[in-house]
Amino acid sequence: MNIRSLTRGDGVVIGAAVLLFIASFLDIYSIEGAPDSAEIPSLWGSGSVVLGVVLAGVIGAALVFVARALPQPRKVAGLDLGQFGVAFTVFAAWCALGNIFDPAGAFDNDGGVDNIGAGTGLILALVATLLMAAAAVATPLVPALKGSLIPAARPAAPQPYGGQPQGGYGYPGAQQQPYGAQPGQPGQPGQPGHSFGGGQPQPGQPQPQAPQQAQAQPAGDFSPFWFAVPVPRPLFAEDGSPTPIAELAPGTWYLAVEQRGANLVAQTQDGRRGVLQDTSGIQRG
């Protein structure tokens, strides 16, 4: 589960779920003329409100969160978990709206009371569910909400020549072997090389030649690099299969190992390789 794949819209959904949970402990009714000492139940005192508003909204937000954080989309009855989550949030907002219009339900239809209105908890629950449903529905459609909630870390500053590597797999700050080079090759940063003459050259002796990059690749050749994606993007199999093998999440660095036209062959942290077809807006490390 990768929380860096969460979007700003997901953050709004989670915040609205927290607001809904807080509202559930506030008054469900507002009774005109009631003394301050009157004990008015919270949203937990009404079964229909608990099931249709509070639990439906919290479950919907949880499904949206889990669907976004999982590396592979999970489906139930042919639908993604995220789609179920969106449906739950819309249902919670609809039920909250109905309770605002008729907070006492059938109790006031028989001339029971006419001074009961929606309480603070019910009003906040309506605001929270409307905000939650709007964010869940609009996140795939609004570019501002599709942005990463937790931005990718900036690449580490370049290390001085011969310095020790920092970081680990998945971060541009880690020192990597040049593509196609052999470990311990003289002239590579941080690798021991052979000395010439045991020290400074003496007058009359030929100057040592600097290691030549005879095996340097032509300028047009591809060199592996680290990159991050701005939004979740599918990674397809190299054999051309239309089914994604993984999803690249924002906030994580991936290694591009090959270029095929406008596509990149990327490698994930667990070693899987696939083709990234949409390379627009990627951040190079």
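Below, the structure is looked at part by part.

Definitions and limits used
- Residues numbered from 1 in each chain as written.
- Predicted model: local features only at pLDDT ≥ 70, side-chain atom pairs only at ≥ 80, totals over all residues.
- Heavy atoms only, no water.
- Phe/Tyr/Trp six-rings, centres within 6.5 Å; stacked < 30°, edge-to-face > 60°.
- Buried < 20%, exposed > 50% of the residue type's maximum accessible area, 1.4 Å probe, protein only.
- Lys NZ or Arg CZ within 6 Å of the ring centre and 35° of its normal.
- Helix = DSSP H or I, 4+ residues; strand = E, 2+ residues; numbered from the N terminus.
- Expected span 1.5 Å × (residues − 1).
- Arc of directions from axis to C-beta.
- Contact = heavy atoms within 4.5 Å.
- Core = buried A, V, L, I, M, F, W, Y, C linked by side-chain atoms within 4.5 Å.
- Pairing = 2+ DSSP bridges.
- Axes fitted to C-alpha atoms, helices over the stretch in contact; angles between N-to-C directions.
- Parallel < 35°, antiparallel > 145°, perpendicular 65-115°, else oblique.
- Left-handed = near helix turned anticlockwise from the far one by under 90°.
- Nonpolar A, V, L, I, M, F, W, Y, C, P; charged D, E, K, R; others polar.
- Patch = residues over 30% accessible without salt bridge, like charges linked within 9 Å, V, L, I, M, F, W, Y side chains within 5 Å.
- Areas by Shrake-Rupley, 256 points an atom, 1.4 Å probe, with all protein chains shown as cover.
- Salt bridge = Lys/Arg side-chain N within 4 Å of Asp/Glu carboxyl O.

1. Description of the packing of aromatic side chains
Then, number 1: In total, this model carries 4 aromatic pairs according to the counting rule given.
Then, number 2: Their ring planes at 85° and their centres at 5.2 Å tell us that phenylalanine 21 and phenylalanine 25 sit as a pair that is edge-to-face.
Then, number 3: On the basis of relative accessible area, phenylalanine 21 is assigned to the partly exposed category, the value being 43%.
Then, number 4: Ring pairing ties together the aromatic residues Phe21, Phe25 and Trp44, which thus form one cluster.
Then, number 5: Over the ring of phenylalanine 225 we find arginine 284, and its NZ or CZ is 3.7 Å from the ring centre.

2. Some points on helix 1 (residues 8–23)
An α-helical turn contains 3.6 residues, so any two residues separated by three or four positions project in the same direction.
Then, number 1: Taking 1.5 Å of rise per residue, 16 residues should cover 22 Å, and helix 1 covers 23 Å from first to last C-alpha, within 8% of that figure.
Then, number 2: The complete set of buried residues in helix 1 reads Gly9, Asp10, Val13, Ala16, Ala17, Leu20 and Ala23. Seen end-on, helix 1 carries its buried residues on one side only, within an arc spanning 135°.
Then, number 3: In this structure, the buried side of helix 1 is in contact with helix 2 (47–69), helix 4 (120–138) and helix 5 (143–146).

3. Some thoughts on the nonpolar core
Then, number 1: The biggest cluster of nonpolar side chains holds 20 residues, and the ones touching the most others in it are Val13, Leu20, Leu43, Val49, Val53 and Met132.
Then, number 2: Only helix 1, helix 2, helix 3 (81–101) and helix 4 provide two or more residues apiece to this core.
Then, number 3: Ranked by residues supplied to this core, first place goes to helix 4 with 7 residues.
Then, number 4: Those residues in contact with leucine 43 that sit more than four places away from it in its chain are Ala23, Ser24, Leu26, Asp27, Ile28, Val49, Val50, Val54, Gly121, Leu122 and Ala125.

4. Notes on the pairing of strand 10 (residues 273–276)
A regular strand carries its side chains on alternate faces of the sheet.
Then, number 1: Examined bridge by bridge, strand 9 (residues 263–267) and strand 10 share 4 bridges and lie antiparallel to one another. Bridged to glutamine 267 within strand 10 is arginine 273.
Then, number 2: Adjacent in sequence and paired antiparallel, strand 9 and strand 10 are bridged by 5 residues, among which glycine 271 carries a positive phi angle near 95°.

5. Thoughts on the packing of helix 1 against helix 4
Then, number 1: Interaxial distance between helix 1 and helix 4 falls to 8 Å at its minimum, and their mutual angle equals 165°. In this view, helix 1 runs roughly antiparallel relative to helix 4, as classed from their interaxial angle. Helix 4 is crossed by helix 1, and the crossing has left-handed handedness. Contacts between helix 1 and helix 4 involve Gly9, Val12, Val13, Ala16, Ala17, Leu19, Leu20 and Ala23 from the first element and Gly121, Leu124, Ala125, Ala128, Thr129, Leu131, Met132, Ala135 and Ala136 from the second.
Then, number 2: Split by residue class, the contact of helix 1 with helix 4 holds 14 nonpolar, 3 polar and no charged.

6. Examining a nonpolar patch on the surface
Then, number 1: On the surface, a cluster of nonpolar side chains totalling about 670 Å² of accessible area is made up of Phe21, Phe25, Trp44, Leu51, Leu55, Ile59 and Phe88.
Then, number 2: Counting through the fold element by element, leucine 55 comes out in helix 2.

7. Considering the pattern of salt bridges
One side chain can pair with another of opposite charge once the charged atoms of both are near each other.
Then, number 1: One pass over the structure, following the stated rule, counts 6 salt bridges.
Then, number 2: Between arginine 260 and glutamate 258 there is a salt bridge, with the nearest N and O atoms lying 3.2 Å from each other.
Then, number 3: In this structure arginine 260 comes out as partly exposed when scored by relative accessible area, which is 34%.
Then, number 4: By relative accessible area, glutamate 258 is classed as partly exposed at 30%.
Then, number 5: Put simply, glutamate 258 and arginine 273 hold a salt bridge, and the shortest N to O gap is 3.9 Å. Of the two residues, glutamate 258 sits in strand 8 (residues 254–260) while arginine 273 sits in strand 10, which places them 15 residues apart along the sequence.
Then, number 6: Assessed through its relative accessible area of 34%, arginine 273 is described here as partly exposed.
Then, number 7: Several salt bridges share partner residues, and in doing so they unite Glu238, Glu258, Arg260 and Arg273 into one network.

8. With respect to the pairing of strand 9
Then, number 1: Sheet topology note: the strand 8/strand 9 ladder contains 5 bridges and is antiparallel. Across the sheet, residue alanine 256 finds its bridge partner in strand 9, namely alanine 266.
Then, number 2: With antiparallel pairing between neighbouring strands as the criterion, strand 8 and strand 9 make up a hairpin whose turn holds 2 residues, including glycine 261 at a positive phi of roughly 65°.

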